[in-house]
Amino acid sequence: MEKGTLIEYRVHAERRLAVAERPDGKKNWIVIDEFGQSQSIRPQQVSYEIAKDGYKPSDLANFRKEVEPLIDPDSVEVAWEILVEDSEAVSPAEMALLLFSDQTPAQCYAAYSLLSQDKLFFKQKGDRYEPRPASQVAELKHQKEVEETRQRDWTEFLSRVSQSLAGEPVEWSNSDRIRIEAIEKYAVFGEEAKERMNAKEILAVLQRPETPEGAFDLLVDLGLWTEHENLFLRRTQIPINFSTKVLEVAHRCLISPPADPDENNRLDLTQMKVYTIDDESTQEIDDGLSVEYLEDGRERLWVHIADPTRLMSPGDELDLEARRRSTTVYLPTGMVPMFPAELATGPMSLIQGKICPALSFAIILEPDGAIAEYTIHPSLIQPTYRLTYEDVDEMLHLAISAEAELATLAKWANIRQAWRTSQGAISISMPEAVIKVKDDQIYINVLEDSMSRKLVSEMMILAGEVGGSYGQTNNIPLPFRAQMQPELPPEEELILLEPGPVRSCAIRRCMPRSEMGTNPARHASLALDAYTQVTSPIRRYSDLLAHFQIKAHLRGDTLPFSAQELQEMLMSVTSTAKEASLVERQTNRYWALEYLRRNSGEVWQALVLRWLKEEDNLGLILLEELGLELAWRFPRPFELGDRLDVQVSYSDPRRDQIHLQEKIYSTI
């Protein structure tokens with residue numbers, strides 16, 4: 001290089017024009033840039049020699065002005081179209097001649113600038129530039145378009161986020177939803193979320209904490225989640241919504257129901273008085289009760305069960321969806337149904353005043369409560385009364401003569417309970433909290449034992465015994481439910497415990513889990529040798545399986561499921577049902593802690609139920625008014641069955657933390 005040489009050199013990624021002034025040592029040169037600043041540069045920094053000599057630093061501004069009009073990126077594509085066919089590589093000077101028909105220093109530098117900045121059409125090989133193949137250019141163009149779209153989507157996403165945070169309504173795009181889903185996954189699964197890096201990038205740009213809590217708060221601030229979003233449900237595979245395809249199938253069932261395979265075999269019971277008894281909020285009505293007074297003085301009990309299989313067949317879209325869900329999930333904020341609501345609360349339910357298909361269990365009992373005889377029929381019924389438990393309790397209390405059937409049902413329920421007790425049934429009576437959330441208000445009701453609930457419970461157990469007996473007698477694989485005999489505390493220990501929740505709690509902790517299998521086995525706590533649940537086919541898939549099998553056998557058809565197929569399904573169904581049960585418990589506890597947080601000034605009477613770690617003073621207490629059980633480290637010695645007053649000092653449902661303190665009353 002000589003004094004007066006015009007060059008381009010680079011400082012990091014910045015391109016600068018300069019004129020060589022003098023050597024600086026053996027290899028470096030002092031140059032004067034277009035801002036009049038002198039710099040010592042290494043040879044490696046020189047990216048292009050424009051002209052050999054004769055330039056002064058004062059010429060740089062005019063040179064730049066001479067070059068600028070020549071920089072037209074579109075001209076690179078024109079040159080590429082000319083050169084690509086022969087794959088002819090060019091130097092910047094040759095490109096200048098092609099583009100400008102001349103090779104002045106300004107034209108050569110313009111050509112060099114176009115070639116060196118181009119990322120699509122040419123690739124550098126030494127001092128020359130070779131046109132890329134057409135296929136490669138097409139791919140690079142596509143990649144560029146994708147990147148430009150991504151950048152545009154990103155900018156627009158951030159703009160919509162800002163609008164939403166400012167309280168303005170926004171309509172999220174499909175690409176927005178992918179980013180929102182990444183934030184949701186991070187809020188739910190934390191560092192285990194595959195999308196966590198995408199979520200953290202968004203949080204960082206928005207200057208939010210790059211934590212799952214930060215993601216949760218952002219979703220709340222955007223109005224996409226509520227502050228009480230159910231993370232327990234979101235952590236499961238339980239689908240909240242139904243696919244469009246399933247909803248279309250459900251709609252077709254409403255408009256044009258499929259042919260009823262039992263149409264010619266249904267027993268017409270539409271003239272029979274039928275009671276359906278449920279909580280007031282229940283929407284899926286799946287059982288009804290009747291009494292038939294026989295001429296010989298005996299009384300036949302009828303348990304009518306909703307017949308959803310009339311609208312479906314094994315392996316169809318509705319069946320597979322119900323199998324995937326396994327159960328209806330009941331939460332304080334509402335239910336996640338096993339079937340689309342328009343079916344579950346419509347033609348699948350036993351609706352008052354409407355003629356409904358059912359599977360009816362007709363049972364005559366021995367005087368002591370054992371089953372004397374039974375039959376099972378596909379039927380048609382017309383429910384007469386839709387009653388609540390409170391309605392039935394009141395009617396039984398008033399002994400209304402016009403509804404003598406209710407008294408008869410209650411009588412047989414008592415006899416049945418006594419018979420099962422004589423067979424070794426184990427009764428556990430614990431108050432149960434029912435938590436409902438409506439319009440952000442939390443309501444807790446405690447379910448106590450009542451005659452109406454006992455009546456329904458015993459009739460459902462009776463139907464389950466009949467179903468199990470029918471399967472056992474006819475060698476039908478069914479979802480039999482069994483329970484091993486528990487090892488209960490000795491009677492002399494139990495009798496020392498206070499009757500009621502304390503004693504029941506001691507028994508409950510000894511009870512093994514019930515299991516499902518395709519072979520009948522004894523159910524210890526029910527004291528039945530064969531038992532299968534058949535009374536909730538709209539909301540329990542195992543009950544639906546029992547209906548498929550029993551109805552096929554009644555028709556004389558081949559059973560839809562072999563014992564092996566049924567066992568395989570039960571493994572999956574049981575796993576999903578356990579997951580749903582866990583979500584129900586976790587969600588109920590969340591809202592219980594939130595209720596206690598909101599009512600931290602209240603004083604609650606607590607009953608000491610049992611020890612968890614007696615050596616650490618850690619025990620289980622029951623807030624009797626609410627039916628809530630809580631672990632607590634006692635501040636002083638207590639005995640099982642003691643009662644004390646407590647207050648909430650701290651409750652954080654999101655972190656699943658609650659601290660209680662004993663209420664001490666002044667003696668002054």
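What counts as what
Residues numbered from 1 in each chain as written. Predicted model: local features only at pLDDT ≥ 70, side-chain atom pairs only at ≥ 80, totals over all residues. Heavy atoms only, no water. Salt bridge = Lys/Arg side-chain N within 4 Å of Asp/Glu carboxyl O. Helix = DSSP H or I, 4+ residues; strand = E, 2+ residues; numbered from the N terminus. Buried < 20%, exposed > 50% of the residue type's maximum accessible area, 1.4 Å probe, protein only. Contact = heavy atoms within 4.5 Å. Axes fitted to C-alpha atoms, helices over the stretch in contact; angles between N-to-C directions. Parallel < 35°, antiparallel > 145°, perpendicular 65-115°, else oblique. Nonpolar A, V, L, I, M, F, W, Y, C, P; charged D, E, K, R; others polar. Pairing = 2+ DSSP bridges. Disulfide = S-S within 2.5 Å. Phe/Tyr/Trp six-rings, centres within 6.5 Å; stacked < 30°, edge-to-face > 60°. Lys NZ or Arg CZ within 6 Å of the ring centre and 35° of its normal. UniProt positions renumbered as here; feature names shortened; annotations may be inferred. Expected span 1.5 Å × (residues − 1). Arc of directions from axis to C-beta.

- The name recorded for the protein chain in an unreviewed UniProt entry is Ribonuclease R family protein, from Planktothricoides raciborskii GIHE-MW2.

1. Section: the pattern of salt bridges
- By the definition in use, this model includes 46 salt bridges.
- For Glu-624, the salt bridge is made with Arg-643, and the minimal N-O distance between the two is 3.0 Å. Pair noted here: Glu-624 is in the loop between strand S22 (618–623) and strand S23 (628–633) and Arg-643 is in strand S24 (residues 643–652), with a separation of 19 residues, a long-range link.
- When its relative accessible area of 23% is taken as the criterion, Glu-624 is described as partly exposed.
- Look at the salt bridges and you will find they share partners, linking Asp-260, Asp-262, Arg-266, Asp-307, Lys-551, Arg-555 and Asp-557 into a network.

2. Some points on the environment of Val-646
- Residue position: Val-646 is located in strand S24.
- Classification of Val-646 as buried rests on a relative accessible area of 0%.
- A C-alpha to C-alpha distance of 4.3 Å links Val-646 and Glu-662, two positions 16 residues apart in sequence.
- When neighbours within four sequence positions are excluded, Val-646 is seen to be in contact with Glu-602, Val-603, Trp-604, Ala-606, Leu-623, Trp-632, Gln-661, Glu-662 and Lys-663.

3. Here's the deal with the packing of helix H13 (residues 389–398) against helix H15 (residues 451–473)
- Where H13 contacts H15, the axes come no closer than 8 Å and their chain directions differ by 110°. It follows that H13 is roughly perpendicular to H15 by the angle criterion. For the pair formed by H13 and H15, the contact residues are Tyr-389, Val-392, Asp-393 and Leu-396 on the first element and Met-451, Ser-452, Arg-453 and Val-456 on the second.
- Residues that form the contact of H13 with H15 fall into these classes: 5 nonpolar, 1 polar and 2 charged.

4. Notes on the pairing of strand S15 (residues 371–381)
- Strand direction decides the pairing type here: strand S8 (residues 267–268) and S15, joined by 2 bridges, are parallel. Across the sheet, the residue bridging to Asp-268 is Leu-380, located in S15.
- Where strand S14 (residues 356–365) meets S15, 10 bridges bridge the pair, whose relative direction is antiparallel. For Ser-360, the partnering residue across the bridge sits in S15 and is His-377.
- Hairpin remark: S14 followed by S15, antiparallel, with 5 residues in the connecting loop; positive phi at Gly-369, about 110°.

5. Quick word on unusual backbone geometry
- In this model, Ser-101 sits at a positive phi of 60°, which is unusual for a non-glycine residue.
- When you line up the elements, Ser-101 lands in the loop between helix H3 (92–100) and helix H4 (105–117).

6. Digging into the state of the cysteines
- The final tally for this structure, using the stated rule, is 0 disulfides.
- Cysteine Cys-505 is unpaired, with the sulfur of Cys-510 as its nearest cysteine sulfur at 9.7 Å.
- With relative accessibility at 24%, the residue Cys-510 sits in the partly exposed group.

7. With respect to the packing of aromatic side chains
- Under the defined criterion, the tally for this structure stands at 17 aromatic pairs.
- Considering the side-chain rings of Tyr-48 and Tyr-112, the 4.2 Å spacing of their centres and the 5° angle between planes classify their relative orientation as stacked. Here Tyr-112 lies in helix H4 and Tyr-48 lies in strand S5 (residues 46–51), a separation of 64 residues in the sequence.
- Classification of Tyr-48 as buried rests on a relative accessible area of 16%.
- Tyr-112 sits in the buried class, given a relative accessible area of 5%.
- Within the aromatic cluster, the residues linked to one another by ring pairs are Tyr-48, Tyr-55, Phe-63, Tyr-109 and Tyr-112.
- The ring of Phe-242 carries Arg-325 above its face, with NZ or CZ at 3.6 Å from the centroid.
- Over the ring of Tyr-389 we find Arg-453, and its NZ or CZ is 4.0 Å from the ring centre.

8. Notes on the UniProt feature "domain: RNB" (unreviewed entry) in the protein chain
- Within the UniProt annotation, "domain: RNB" (unreviewed entry) is assigned to residues 266–556.
- For residues 266–556, helix accounts for 32% and strand for 25%, while the C-alpha atoms at its two ends are 14 Å apart.

9. Some details on H4
- End to end, H4 covers 18 Å across 13 residues, agreeing with the expected 18 Å (1.5 Å per residue, within 8%).
- The element H4 is extensively covered by neighbouring structure, given that 11 of its 13 residues are classed as buried.
- Residues Ala-106, Gln-107, Cys-108, Tyr-109, Ala-110, Ala-111, Tyr-112, Ser-113, Leu-114, Leu-115 and Ser-116 constitute the buried set of H4.

10. Quick word on the sheet that holds S5
- Strand order in this open sheet of 5 strands is S4-S3-S2-S1-S5, and the pairing throughout is antiparallel. At either end of the open sheet lies a strand with only one pairing partner, and these are strand S4 (38–41) and S5. Strand-to-strand, the axes of this sheet are offset by a mean angle of 40°, without reference to chain direction.
- In the sheet, strand S2 (residues 14–24) pairs with strand S3 (residues 28–33) via 6 bridges, with the strands oriented antiparallel. Within S3, the residue paired with Asp-24 across the bridge is Asn-28.
- Each of strand S1 (6–11), S2 and S5 is contacted by H4, which is oriented at about 155° to S5, the strand it contacts most.

11. Remarks on the pairing of S23
- Of the two faces of S23, the one holding Leu-628, Leu-630 and Trp-632 is buried and the one holding Glu-629, Ala-631 and Arg-633 is not buried anywhere.
- Counted along the chain from S22 to the antiparallel partner S23, the turn is 4 residues long, and its residue Gly-627 has a positive phi close to 70°.

12. Digging into helix H10 (residues 244–255)
- For H10, which comprises 12 residues, the first-to-last C-alpha distance of 16 Å matches the rise-based estimate of 16 Å (1.5 Å per residue) to within 8%.
- For H10, the full list of buried residues reads Val-246, Val-249, Ala-250 and Cys-253. Taken down its axis, H10 places every buried residue within 100° of arc, on the same side. Within H10, the exposed residues directed more than 90 degrees away from the buried face are Thr-244, Lys-245, Arg-252 and Ile-255.
- Contacts from the buried residues of H10 go to helix H11 (317–325) and helix H12 (341–344).

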